[in-house]
Amino acid sequence: SYLYTVFEREPAFLQLLSVLQAAIGSLSTFCYEKFLSPYCHSGWPLIGVIASLDIVTGLVALLDVYVVRMVKEKEIDGEYSIDTSLRCIVAVVGLVKYFFGELDYMPALVLSTANVYNDDDIVSHECENTTSNEFSSKVEESNIDEFVVEGTIWSP
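Residues numbered from 1 in each chain as written. Predicted model: local features only at pLDDT ≥ 70, side-chain atom pairs only at ≥ 80, totals over all residues. Heavy atoms only, no water.

On to the packing of helix 3 (residues 43–61) against helix 5 (residues 84–114). Running from N to C, helix 3 and helix 5 cross one another at 155°; their axes reach a closest spacing of 9 Å. In this view, helix 3 runs roughly antiparallel relative to helix 5, as classed from their interaxial angle. In terms of crossing hand, the pair formed by helix 3 and helix 5 is left-handed. Every residue of helix 5 that contacts helix 3 at Leu46, Val49, Ile50, Leu53, Asp54, Val56, Thr57, Val60 and Ala61 is listed here: Val96, Lys97, Phe100, Gly101, Leu103, Asp104, Pro107 and Leu111. (Axes fitted to C-alpha atoms, helices over the stretch in contact; angles between N-to-C directions. Helix = DSSP H or I, 4+ residues; strand = E, 2+ residues; numbered from the N terminus. Parallel < 35°, antiparallel > 145°, perpendicular 65-115°, else oblique. Left-handed = near helix turned anticlockwise from the far one by under 90°. Contact = heavy atoms within 4.5 Å.)

Before going further, it helps to examine a nonpolar patch on the surface. On the surface, a cluster of nonpolar side chains totalling about 410 Å² of accessible area is made up of Ile55, Leu59, Leu62 and Val65. Checked against the element boundaries, Ile55 lands in helix 3. (Patch = residues over 30% accessible without salt bridge, like charges linked within 9 Å, V, L, I, M, F, W, Y side chains within 5 Å. Areas by Shrake-Rupley, 256 points an atom, 1.4 Å probe, with all protein chains shown as cover. Salt bridge = Lys/Arg side-chain N within 4 Å of Asp/Glu carboxyl O.)

Summed over all chains, the structure comprises five salt bridges. One salt bridge connects Glu79 with Arg9, and the closest N-O pair in it is separated by 3.1 Å. Here the residue Glu79 occupies a position in strand 2 (residues 79–80), and Arg9 occupies one in the loop between helix 1 (2–6) and helix 2 (11–36), the gap between them amounting to 70 residues. Among the residues examined, Glu79 registers a relative accessible area of 39% and is labelled partly exposed. Between Lys72 and Glu75 there is a salt bridge, and its shortest N-O distance comes to 4.0 Å. For Lys72, a relative accessible area of 48% puts it in the partly exposed group. Judged by its relative accessible area of 29%, Glu75 falls in the partly exposed class. (Buried < 20%, exposed > 50% of the residue type's maximum accessible area, 1.4 Å probe, protein only.)

This part is about the environment of Lys72. In this fold, Lys72 is placed in helix 4 (residues 63–73). The sequence separation of Lys72 and Val6 amounts to 66 residues, and the corresponding C-alpha distance is 9.9 Å.

A word on the layout of surface pockets. By volume, the largest pocket amounts to about 360 Å³. Together, 16 residues line the largest pocket, and Ser1, Leu3, Tyr4, Leu17 and Gln21 are the ones closest to its centre. Breaking the lining of the largest pocket down by element, the ones donating at least two residues are helix 1, helix 2, helix 4 and helix 5. Per element, the largest residue contribution to the lining of the largest pocket is five residues, and it comes from helix 5. Split into classes, the residues belonging to the lining of the largest pocket amount to 10 nonpolar, four polar and two charged. (1 Å grid on protein atoms, 1.4 Å probe; cavity = no way out; pocket = protein on both sides within 12 Å on 5 of 7 lines; lining within 4 Å. Points joined across faces, edges and corners; volume = space filled by probe spheres on them. Nonpolar A, V, L, I, M, F, W, Y, C, P; charged D, E, K, R; others polar.)

Phe7, Phe13, Val67, Leu86 and Val90 are the most contacted members of the largest nonpolar core, which has 14 residues in total. When residues of this core are traced back to their parent elements, those giving at least two are helix 2, helix 4 and helix 5. The greatest single-element share of this core, amounting to five residues, is contributed by helix 5. The contacts of Leu86, once residues within four sequence positions are left out, are Phe7, Met70, Val71, Lys74 and Ser81. If you look at the next biggest cluster of nonpolar residues, it comprises 11 residues, including Ile24, Tyr32, Val49 and Met106. (Core = buried A, V, L, I, M, F, W, Y, C linked by side-chain atoms within 4.5 Å.)

Following this line, the structure appears as structure tokens:
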């Protein structure tokens, strides 16, 4: 990536950024859990949060343009003159981007895991209180090759 090229002579700084990103990822997950999830866990509120976070994350990603301009100003004859202000700007922009990127990912993760369609659950629900012949016919209709009922492997 571009930043690795700029900071290739400062591996300790890159390692520090990586560790800070892990901490920021945890903070982002905590913020989603405490502040957004209780109010926006399904339906239109969840869709609104996803759309809003997509827009905010896109706007935050535009801060990279500022970082690239700052780095270009510090370039002299193909070499980068890295000072403390450049390190701070790169760290702050990178961590803010990572925070909003992780925050944007959380509602999509919740949505995808909450809406998993499981045929096995449908079969077990439909087959309650049925005889074994009715049970076998319902399993055949569900296109399941094998299943386990009370420790016995059944196959239609």
